[in-house]
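Fold and contact review
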Amino acid sequence: MTKDTRNSAALSRRGFMGAGAAAAFAATSIAERASAQGRDRLVFALSSYPPSLRPWANTGTAAGTAKCQFLRGLLSYGPKGEIRGELAESWSSDSPTTWTVRLREGARFHDGEALTPDAVRRSFELMQDEKSTASLRGALGALIDRIEAPDARSVRFQLKKPSATFVYMLASWHAPMISPRSNEANPVGAGPYRIADVERGTRIDFDAFDGYWNRGLPRTKKLRMAAYADENLRVAALDAGDVDIIEYVPWQSYDSIERNAKLAMDVVDGPFMYLNFNCVQGPFTNAKLRQAVAYAIRREDVVKAAFFGRGSAMNGLPFPKGSEFRDEATANHWRTDLDLARKFLAEGGQPNGFSCKLLSTAQYGMHKDTAEVVQQSLAAIGIRVELVLPDWATRVAVGNRGQYDFGVMGSAGDFNDPDSMAQFLDGSQTPNYTRSHGYNNPKVNELFEQGRAELDVARRKAIYREMEKLALEDAALVGVAWRSQAYAMRKPLTGFANLPGFLSFYSGLTLENVTMG
Amino acid sequence: MAYVLRRVAISIGLIWTVATLIFLVLRMIPGDPAELLLSSGGVAPDPAQVLELRERLGLEAPLLQQYATFMGQLLRLDLGTSLTDDYPVMDEIAKRLPRTIELILAATILAVAVGMPLGVVAALRRGSGMDRTLSAAASFNQSLPVFVTGTLLILVFAQHLRWVPAGGYVAFAQDPARHLTNLLMPAVTIAIGLSTVVFRMTRASVLETLDRDWVRTARAKGLAPRHVVRRHVLRNSLGPVVTVIGLQMGTLLGGTVLVEYVFNWPGLSGYLVRAVEQRNYPEVQGIVLVICALFVFLNLVVDLLYAVLDPRVRHG
């Protein structure tokens, strides 16, 4: 009896203590959640943890978004996508081969080092170093003859040839300046934030840099970038209030976010899906058969199936909407027309269709869904398509080696200029998985070269018009769909802008303007 | 002593075999880490740059030379550095392994706390309405994929009720309360499936024990039913249950991928998947080897324990 009583008293005491601890724990966690995003800390959900923070390597959008918080270049982009001075306050072209930038007075790096012409020159030299992983290494090496310092605040770039796109390189987030006391492996930048703490694979915490050249910015003093690889979890975390803003909003969630009174979304049509072909072997060495494919695809179905209707058909080459180089007539060149597709099939010597393999990847739903719609579309004209859907790494390797008949790709230009299409169409460049294998039209290559060297806008328009005509005839890049690219955020948040067109991926630049309401 | 040495030698041989296999398999599957690393922005890299990076990463060396380097590193217990940012693989595993183990332990505790008592109750009331209900519920639980359970939990408890975060991770040292809140849902998600296994095993084992002669004898002696169950049935039923739990925990070591993904829990499984996607050879090799070494070590301990418990094993 005594034993039983003691036991029951002990259990009761334990139970009481347990309940108390649980209540305290719950209260703590709820209180914690309520204050997870104070006004002084912004939480941004990245779509993946950056593979590396090396300043000049292209390691994806998530990495670029994180890097541009602590690293900045001479130029960058404003909220409307316009080029603006960053560490340089002005820039000008003295001659077709000379560009001079004036460095911002007082601009300095996080370690206190001043931004000088020598620091700029050193950064460019490191980018062009043969051991560098800089994505612009080849382009800069082919263009820059020498870098001079006419005075203590000016840098003059002497180019080997005229370049209309040199300013885009200066504005690229793959060309930031680093402190002379740092190196590529451990860069110290001059961005609005400095890295405060890193939990590798999970999050990067930033603190505002009080010496940032743009006084008063960043508006939010602390920034956390946390990786949420699962797109549905990113949306759930935003809805639950765990994070304030997310990138790569999944298309299937657009409706629910738009209906949610606490959330807002900023959407642009930026990246695009397209088909590329093996022009060395297989059926698509014949341009007529490529044309047949281009006219048979039901692009609206791709937009519906792969992007839940959030995008638009791309009936020509990837000239972004709103670009001064875009011609609406040629932009709608390939409307679905099965009769015309059959005519091209017949002209290509395959009136009854043929069998072929379409390379895509099962790793990304949009690539797989696009491939499935293309497969169904082409069945209507007798082209029997077998889907090849390896993981992304294999798809890249197979694509680079040209081991495919035709393939689905998704991409975006580096900047909003027609020259960014050169990577998909200029056959003088080294073979790669983003361009049709073996495609090489010397005239197209020459027109890209001319467009790059021409500074007059009217003349450039004429050049790209001619290039577009040839490329449409060759059908080595067949546009399929523009896809919407969205950022979603909690309503009190203001100041963020999704940059237009291809620059959507650069939108992380505007985080410095964000306030929490 | 000879037995112990033989078991240790076999264990080392096993680890060497796995190390060699993973080394070869990784290099046989398509996908070049240098190519991927330089093209992750969707822009194709310059082949000269790819070649230089391959040389820097040691991927251009003959396979045999790469293998010798790899084995040399292994002998020094050095798992190398990540191809993407030169971070030591061992350090990253040391950070992530405890997180996965913590998740598995938390899930196991929950699963045992729920599955075992319910299994006993179901066995003691064999054929009753409660037994049938519990068995039906177990079947239902077992048919639920973890990503469905996880997503539902997020929807209900994070988005609607807002009791817990949707996912993520905060170190215990940084914020214990937040850490445990983040741990709760992934642990429950694993525990739902695991508790079913524990429930079924406990029920079957208790039923089997209840039919034993010595249980009948205990009852015939007039012992109280509660006493019979506690002292004679439960203790003798737990052996197979504990074995199954141990096996399940071992499987979970590399099998929490989906849960880690759904809840953004930065453990070892998620690390392995990302490393495979990136063809990050040192990371994949390191993770697989550590998981393998843990399995081999656990098996070795079990083998040695058997030998201690049963002399026939060491002499046979």
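Residues numbered from 1 in each chain as written. Chains lettered and ligands numbered in written order. Predicted model: local features only at pLDDT ≥ 70, side-chain atom pairs only at ≥ 80, totals over all residues. Heavy atoms only, no water.

Membership of the largest hydrophobic core comes to 208 residues, with the highest contact counts inside it found for Leu74(A), Phe124(A), Phe157(A), Phe406(A) and Met467(A). Dropping the residues within four chain positions of it, Leu74(A) is found in contact with Gly85(A), Glu86(A), Leu87(A), Ala88(A), Val101(A), Leu103(A), Val120(A), Phe124(A), Phe157(A), Leu170(A) and Met177(A). (Core = buried A, V, L, I, M, F, W, Y, C linked by side-chain atoms within 4.5 Å. Buried < 20%, exposed > 50% of the residue type's maximum accessible area, 1.4 Å probe, protein only. Contact = heavy atoms within 4.5 Å.)

What follows concerns helix 5 (residues 89–124) of chain B. The end-to-end C-alpha distance of helix 5 of chain B is 50 Å, a good match for the 52 Å that 36 residues give at a rise of 1.5 Å each. Remark: the principal bend of helix 5 of chain B, roughly 25°, maps to Val112(B). (Helix = DSSP H or I, 4+ residues; strand = E, 2+ residues; numbered from the N terminus. Expected span 1.5 Å × (residues − 1). Bend = angle between axes of the 7 residues up to and from the residue.)

Here we come to the interface of chain B and chain A. Residue-level contacts link 54 residues of chain B with 53 residues of chain A. Of the roughly 4400 Å² buried where chain B meets chain A, counting both sides, 46% is carbon and sulfur surface. The tally of links between chain B and chain A comes to 9 salt bridges. Glu283(B) is the partner of Arg200(A) in a salt bridge, and the nearest nitrogen-oxygen pair spans 3.6 Å. At the boundary of chain B and chain A, one finds 16 residue pairs in polar contact (both at pLDDT 80 or more). (Buried area = accessible area lost by both parts, 1.4 Å probe. Salt bridge = Lys/Arg side-chain N within 4 Å of Asp/Glu carboxyl O. Polar contact = N/O pair within 3.5 Å; in protein donor to acceptor, adjacent residues only side chain to side chain.)

Here we take up the domain arrangement of chain B. Residues and elements named next belong to chain B. Per the domain assignment, the segments making up chain B are domain 1 (2–75) and domain 2 (96–313). When each unit is reduced to the centre of its C-alpha atoms, the spacing between domain 1 and domain 2 is 34 Å. Summing both partners gives a buried area of about 1700 Å² for domain 1 against domain 2, and 76% of it is carried by carbon and sulfur. Sorting the residues of domain 1 by area buried against domain 2 places Tyr-3, Ile-15 and Leu-26 first, and these three jointly supply 31% of that buried surface. There are 2 residue pairs in polar contact (both at pLDDT 80 or more) connecting domain 1 and domain 2. Of all the secondary structure elements, the ones that give two or more residues to the side of domain 1 that touches domain 2 are helix 1 (2–28), helix 2 (33–38) and helix 4 (63–75). Take the side of domain 1 that touches domain 2: its biggest share by element is 13 residues, from helix 1. Partitioned by chemical class, the residues of the side of domain 1 that touches domain 2 number 17 nonpolar, 2 polar and 2 charged. (Domains from an automatic or database assignment. Nonpolar A, V, L, I, M, F, W, Y, C, P; charged D, E, K, R; others polar.)

Okay, the domain arrangement of chain A next. All names here are of chain A. What the domain assignment lists for chain A is domain 1 (19–73 + 187–268 + 484–513), domain 2 (75–171) and domain 3 (271–483). Placing a centre on the C-alpha atoms of domain 2 and another on those of domain 3 gives a separation of 34 Å. Facing 9 residues of domain 2, the contacting portion of domain 3 comprises 11 residues. Of the roughly 720 Å² buried between domain 2 and domain 3, counting both surfaces, carbon and sulfur atoms make up 64%.

Bringing the side chain of Asp32(B) into the picture now. Residues and elements named next belong to chain B. Mapping Asp-32 onto the fold places it in the loop between helix 1 and helix 2. Overall, the relative accessible area of 7% leaves Asp-32 in the buried class. At 3.0 Å, the side chain of Asp-32 forms a polar contact with the backbone nitrogen of Ala-34. Apart from the residues lying within four places of it in its own chain, the contact partners of Asp-32 are Val-50, Arg-54 and Leu-59.

Bringing the pattern of salt bridges into the picture now. With the rule as written, the count across this model stands at 56 salt bridges over all chains. Residue Asp197(A) is joined to Arg203(A) by a salt bridge in which the shortest nitrogen-to-oxygen separation is 3.2 Å. The class of Asp197(A) is partly exposed, set by a relative accessible area of 36%. With its nearest N and O atoms 2.9 Å apart, the salt bridge here joins Arg200(A) to Asp85(B). Taken together, the residues Arg200(A) in the loop between strand 8 (193–199) and strand 9 (203–208) and Asp85(B) in the loop between helix 4 and helix 5 connect one chain to another. If you follow the salt bridges from partner to partner, you end up with Asp197(A), Glu199(A), Arg203(A), Asp205(A), Arg224(A) and Arg99(B) in one network.

So, about the sheet that holds strand 7 (residues 154–159) of chain A. Residues and elements named next belong to chain A. One open sheet holds the 4 strands; their spatial order is 4-5-7-6, and the pairing between them is antiparallel. Because the sheet does not close on itself, it has two edges, and the strands there are strand 4 (88–95) and strand 6 (144–151). Neighbouring strand axes in the sheet, compared pairwise and without regard to direction, differ in orientation by 20° on average. Of the strand pairs in this sheet, strand 4 and strand 5 (residues 98–103) are connected by 6 bridges, and their pairing is antiparallel. The partner of Ser-90 across the bridge, within strand 5, is Arg-102. Packed on one face of the sheet, helix 3 (residues 117–128) meets strand 5, strand 6 and strand 7 and runs near 170° to strand 6. (Pairing = 2+ DSSP bridges. Axes fitted to C-alpha atoms, helices over the stretch in contact; angles between N-to-C directions.)

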